[in-house]
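In case you want the letters, here they are:
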Amino acid sequence: MFVVHDTPTYIGRFAPSPTGPLHLGSLYTALASFLDAKAQQGKWLLRIDDLDTPRNATGSVDSILKTLEAFALHWDNHVYFQSDYLDTYNTILASLQRDNTIYPCTCSRKTLAASLTEIASAEGVYPNTCRNNKFPCHQPHALRVRTDDRMISFDDRLQGLINHHLARQHGDFILKRKDHIIAYQFAVVIDDDRQGVNHVVRGMDLLDSTPKQIYLQQLLGFSTPDYLHVPIIADNLGFKLSKQTHAQAVGLTSPVHVIFKLLNLLKQHPPLELQHASATELVNWAIAHWNPATLKNIRTIPLEI
Ligand code: GLU
Ligand code: ZN
């Protein structure tokens, strides 16, 4: 008799919001999560985070899929859309409501801003104004989750040990907005669990959201994935490349040139001869040589290198 210890398959994902075409910063994260998954013979899922409907831009899903294909970043399984799972989120909210874990918050932006200044809460933590509100609530309201005094700790593969005091640093946060939109923090936890995601590789801009997500995993009895937060690409002025800073869409005319640049920004330094390889060859080289440790403790990478 012998016992086989199966290591569970690595399941990673890329979860862009369809707010526009991919720019260099988003493709950077996509490439990092793809390489990390493939270097460990894992699956790489593609999920479209399309719940924030006012921000969705027509045509961006198609453009995202085309871009990933042009860059030889082939996803496993079918594409997931969060909007297909609205019933799931609402069912889980109903059970949290029965447990008294969430409460209706009727605060307006204005009253909230005023009370935050009053108590001089530097971190913008919710002052618990509505904690004693009961269901049913007939006014327009958001749903907030009750937080407590626990510490949330996790060991990020690049950024090291992170410890947050849940109530003090995050406070009761929103799971469903007043406009009925399911909040990102809540949806992401349910999606990652449903999809069996056990490795999350994403940008540093989401590092501070992670304790909230771990708390929700604890509440819902889900396991916590491994986290790796890669640096953010910053433009010449030091701002994160994003739609807000008018980052340009990545062009599809010379994918190899772009991947080459992205690999350098990931501090992987591909050999110069590969500049003439195909996108697939270059990506295969990168999988075989993937070493994220070169990015340890780095928070931003300037675009010009
Ligand atoms: N959809 C999120 C974004 O575009 C990313 C979600 C995640 O990786 O957790 O910023
Ligand atoms: Zn409130």
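For clarity, every value in this text was computed on a predicted model and none was experimentally measured. (Residues numbered from 1 in each chain as written. Chains lettered and ligands numbered in written order. Predicted model: local features only at pLDDT ≥ 70, side-chain atom pairs only at ≥ 80, totals over all residues. Heavy atoms only, no water.)

Looking only at helices and strands, the protein has 9 helices and 12 strands in total. Here the C-alpha coordinates of the protein stretch approximately 65 × 65 × 35 Å along the principal axes. Counting the 305 residues in the protein, one finds 50% classified as buried. At a minimum sequence separation of 6, the contacts of the protein that also span at least 24 residues come to 77%. Between the centroid of the 28 positive side chains of the protein and the centroid of its 29 negative side chains there is a distance of 6 Å. (Helix = DSSP H or I, 4+ residues; strand = E, 2+ residues; numbered from the N terminus. Buried < 20%, exposed > 50% of the residue type's maximum accessible area, 1.4 Å probe, protein only. Contact = heavy atoms within 4.5 Å. Lys, Arg positive; Asp, Glu negative; His and termini not counted. Charge placed at Lys NZ, Arg CZ, Asp CG, Glu CD.)

The next thing to look at is the side chain of Q195. Relative to the helices and strands, Q195 is located in the loop between α6 (184–194) and β9 (199–203). Among the polar contacts made by the side chain of Q195, one reaches the side chain of R47 at a distance of 2.9 Å. Here Q195 is in contact with I11, L45, R47 and Y80, once residues within four sequence places are set aside. (Polar contact = N/O pair within 3.5 Å; in protein donor to acceptor, adjacent residues only side chain to side chain.)

So, on to the sheet that holds strand β2 (residues 43–48). As summarised here, the arrangement of the 3 strands in space is β1-β2-β3, forming an open sheet in which the pairing is parallel. On the outer flanks of this sheet lie β1 (11–14) and β3 (76–81), each paired with one strand and no other. Within this sheet the neighbouring strands show an average axis-to-axis angle of 30°, counted without direction. As paired strands, β2 and β3 are joined by 3 bridges and run parallel to one another. Looking across to β3, one finds that L45 is bridged to D76. Against the sheet, helix α2 (residues 60–70) touches β1, β2 and β3, its axis set at about 160° to β2. (Pairing = 2+ DSSP bridges. Axes fitted to C-alpha atoms, helices over the stretch in contact; angles between N-to-C directions.)

We now examine the coordination of the zinc ion (ligand 2). Only C105 (SG), C107 (SG), Y126 (OH) and C130 (SG) from the protein coordinate the zinc ion (ligand 2), and they sit 2.1 to 2.3 Å from it. Coordination at the zinc ion (ligand 2) comes from 4 donor atoms whose angles at the metal span 99 to 127°, giving a geometry best classed as tetrahedral. Positions of the donor residues of the zinc ion (ligand 2) along the chain correspond to the pattern C-x1-C-x18-Y-x3-C. Within this pair, whereas C107 is found in the loop between β4 (102–105) and α4 (109–118), its partner C130 is found in the loop between α4 and β5 (142–145), the two being separated by 23 residues in sequence. In this structure, C107 and C130 share a single accessibility class: buried. (Donors = N, O, S within 2.8 Å, 3.2 Å for Na, K, Ca; no water. Tetrahedral: all angles 85-135°; square planar, octahedral: opposite > 155°, others 65-115°.)

Around ligand 1, the structure places R13, A15, S17, D49, Y184, V188, R202 and L206. In this structure, a nitrogen atom belonging to ligand 1 sits 2.7 Å away from a main-chain N or O atom of A15. A distance of 3.0 Å is found between a nitrogen atom of ligand 1 and a side-chain nitrogen or oxygen belonging to S17. In isolation ligand 1 has 300 Å² of accessible area, and contact with the protein removes 77% of it. (Near = heavy atom within 4 Å. Areas by Shrake-Rupley, 256 points an atom, 1.4 Å probe, with all protein chains shown as cover.)

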